[in-house]
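Spelled out from the first residue to the last, the chains are:
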Amino acid sequence: MAQVASIIGGGVIGGGWAARFLLSGWDVQVFDPDPEAERKIGEVLANARRSLPGLSDVALPDEGRLSFHSDLAEALKGASWIQESVPERLELKHKVFADIQALCDPAAVIGSSTSGLKPSELQQGVARPEQIVVTHPFNPVYLLPLVELVGSAANTPERMAGAKSTLERLGMFPLHVRKEIDAHIADRLLEAVWREALWLVKDDVATTEEIDEAIRMGFGLRWAQMGLFDTYRVAGGEAGMKHFMAQFGPCLQSPWTKLTDVPEFTDELVDLIAGQSDAQSGHMSIREMERQRDDNLVGILRALKAQGWGAGAVLGAQDARLKAGSDLAGYAEEMVDVSRPIVTVRRAVPLDWTDYNGHMNESRYLQSFCDASDRFMELVGCDADYIASGGSYFTAETHIRHLAEALAGDRIEVRTHLLMGEGKKMHLLHTMYRGEEPVATGEHMLIHVSLETRRPSAPSARIEANMARITAAQAELPRPEGVGRYIGAPR
Ligand SMILES: NC(=O)C1=CN([C@@H]2O[C@H](COP(=O)(O)OP(=O)(O)OC[C@H]3O[C@@H](n4cnc5c(N)ncnc54)[C@H](O)[C@@H]3O)[C@@H](O)[C@H]2O)C=CC1
Ligand SMILES: C[N+](C)(C)CC(=O)CC(=O)[O-]
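Residues numbered from 1 in each chain as written. Chains lettered and ligands numbered in written order. Predicted model: local features only at pLDDT ≥ 70, side-chain atom pairs only at ≥ 80, totals over all residues. Heavy atoms only, no water.

A short note on the sheet that holds strand 3 (residues 66-69)
Part 1 of the reasoning: Overall, mixed pairing links the 8 strands, which are arranged 3-2-1-4-5-6-7-8 in an open sheet. Among the strands making up the open sheet, the edge pair consists of strand 3 and strand 8 (173-177). Mean inter-strand twist for the sheet, computed between neighbouring axes without regard to direction, equals 25 degrees.
Part 2 of the reasoning: Pairing analysis gives 3 bridges linking strand 5 (residues 109-112) to strand 6 (residues 132-137), with the strands arranged parallel. Of the residues in strand 6, the one forming a bridge with Gly111 is Val133. (Pairing = 2+ DSSP bridges. Helix = DSSP H or I, 4+ residues; strand = E, 2+ residues; numbered from the N terminus. Axes fitted to C-alpha atoms, helices over the stretch in contact; angles between N-to-C directions.)

What follows is the structure, given as structure tokens:
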């Protein structure tokens, strides 16, 4: 049975949490007095569905059930995680916690999305302080892995460990903030940069657009992958951080920054900033900007995943977790039902696989079929150890047919039919499905080779035996439609 998350407050951040839980297979129950909450969450979810599933190279669990409740007790029913995301006002959060604790399971975690309040402040005067922890996420919650996990002396190590493990299973990176402090770690940094930026606009040094260019064309890109200290260590040259500090430390004493002075939010300043911001990007709606942001983030995150670095390493670990729990894990020759086409790929179409036509680019069909061939090779015994011992398959010929369009976020499955597996030859027909609709076929002839001579060679006896077993098991299957087709209108 799916686990249940209760989302209390479904605005920008609550909506993002709802998407993160739902697409990770949890049932989600929302409580928000705003009559527009259902529509707003629906729009956030639409963006999340096209971006989050494709971050993984393995299928996410089936989506959970989403429901909206006007009765708080109903929204809390069965919830093992309760995420509070109401406006940032301490007295409101206290009232909400009192209402929640009167009705919820005392074993459930109550996570607060607060950007700045300390857990000990949130816990003041509540019935069960130990139940409440800060779980501060980053927008968009469904894509960014960071969540600052902050407890107080009232929270036991067991409760903190339990919360951490749940967040990890959601594909997030819980950063344990060891000492509670106003605004945790990340918002302290963000506030400092924001304060400086406001001064630069107020003093007419730069426009909002020029400041954004200064970030996204340079150090913003660096920060996405190495953060502040590793970046500066490298900037110190061969002598590293000590040299960097000796060279640039004195600048901190000179008036490079306005530090903690806050410009007064006069009507004039608000109009100046909002006016420049409208001129900069007012031609796009907020939803359009969200989609552009998501496209960019998915590209960056997937590039980092290929490097196994930073946030990309978190994605890689999540993929490994999802794969380990699926039928596509490891070498399972005896466990797989080979009497029908074998599932060799199950995943969603990533945003960065789509092209100017708004659908999956043709190169990605080949990539998926290549992944399917790799999985099939593994199943017959041509796994990593076998390849390291010097034998492998090369693809000699490929024919792909496109039958329907696959769009970003679509869940696709490749089922593989062994048409012939004898001696050096392995003839495969992969069919890609969305649900039960065939989207494409890929017919491939692979030849077994010696990686030493780079010439065709006989496979191992085990591979031969496995291919014979699968050929026999699939012999009764109807010959798949389209096998042997060449380019041209069917005759
Ligand atoms: N917007 C941001 O960039 C981030 C905000 N946060 C934190 O998340 C929390 C929520 O912020 P946002 O989502 O931005 O605000 P928001 O204004 O978009 O959403 C707040 C939602 O709470 C609902 N609400 C008000 N009273 C309620 C009640 N008694 N019970 C249930 N729902 C109620 C409102 O109808 C609204 O939908 C704040 O604590 C904020 O500091 C955390 C990370 C980033
Ligand atoms: C502006 N903010 C303080 C609400 C921002 C955050 O808390 C985190 C974020 O997503 O930038």
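Re the site of ligand 2
Part 1 of the reasoning: Looking at ligand 2, the residues that line it are Ser115, His136, Phe138, Asn139, Asp187 and Leu190.
Part 2 of the reasoning: The contact in question runs from an oxygen atom of ligand 2 to an N or O atom on the backbone of Asn139, over 3.0 Å.
Part 3 of the reasoning: Within the contact set of ligand 2, an oxygen atom lies 2.8 Å away from a side-chain nitrogen or oxygen of Asp187.
Part 4 of the reasoning: Taken by itself ligand 2 offers 320 Å² of open surface, and the protein chains cover 56% of this. (Near = heavy atom within 4 Å. Polar contact = N/O pair within 3.5 Å; in protein donor to acceptor, adjacent residues only side chain to side chain. Areas by Shrake-Rupley, 256 points an atom, 1.4 Å probe, with all protein chains shown as cover.)

Re the site of ligand 1
Part 1 of the reasoning: Not every one of the 21 residues close to ligand 1 is listed here, only the nearest: Ile13, Asp32, Glu88, Lys93 and Ser115.
Part 2 of the reasoning: A distance of 3.0 Å separates an oxygen atom of ligand 1 from a polar backbone atom of Val12.
Part 3 of the reasoning: Protein burial of ligand 1: of its 830 Å² of free accessible surface, 72% is covered by the chains.
Part 4 of the reasoning: For the shell around ligand 1, the secondary structure elements donating two or more residues are helix 1 (12-23), helix 4 (90-101) and strand 6.

So, the sheet that holds strand 9 (residues 342-348)
Part 1 of the reasoning: Read across the open sheet, the 5 strands follow the order 9-11-12-13-10; overall the sheet is antiparallel. Each having just a single partner strand, strand 9 and strand 10 (391-402) make up the two edges of the open sheet. Shown here is a sheet whose adjacent strand axes are inclined to one another by a mean of 25 degrees, direction ignored.
Part 2 of the reasoning: As paired elements, strand 9 and strand 11 (residues 411-422) share 6 bridges and run antiparallel to each other. Across the sheet, the residue bridging to Arg346 is Glu413, located in strand 11.
Part 3 of the reasoning: Across the sheet, helix 16 (residues 461-474) lies against strand 9, strand 10, strand 11 and strand 12 (425-434), angled at about 105 degrees from strand 11, the strand it touches most. (Contact = heavy atoms within 4.5 Å.)

Some points on the UniProt feature "domain: 3-hydroxyacyl-CoA dehydrogenase NAD binding" (unreviewed entry) in the chain
Part 1 of the reasoning: Here, the residues flagged by UniProt with the feature "domain: 3-hydroxyacyl-CoA dehydrogenase NAD binding" (unreviewed entry) are residues 6-179.
Part 2 of the reasoning: End C-alpha to end C-alpha, residues 6-179 measures 27 Å, and it is 36% helix and 22% strand. (UniProt positions renumbered as here; feature names shortened; annotations may be inferred.)

Structural notes on the nonpolar core
Part 1 of the reasoning: If you look at the biggest cluster of nonpolar residues, it comprises 38 residues, and the most contacted ones within it are Trp17, Phe21 and Leu167.
Part 2 of the reasoning: Of the residues forming this core, the biggest block, 6 residues, is contributed by helix 1.
Part 3 of the reasoning: Excluding residues that lie within four positions of it along the chain, Leu167 makes contacts with Trp17, Trp81, Thr135, Val147, Leu149, Met172 and Pro174.
Part 4 of the reasoning: Listed in part, the 20 residues of the second largest apolar core include Val86, Ile110, Leu122 and Val150. (Core = buried A, V, L, I, M, F, W, Y, C linked by side-chain atoms within 4.5 Å. Buried < 20%, exposed > 50% of the residue type's maximum accessible area, 1.4 Å probe, protein only.)

Some points on the confidence of the model for the chain
Part 1 of the reasoning: Confidence in the prediction of the chain, expressed as mean pLDDT, is 93, and 97% of residues score 70 or more.
Part 2 of the reasoning: On the interface metric, ipTM, the complex scores 0.98, and its pTM is 0.91. (pLDDT = per-residue confidence, 0-100.)

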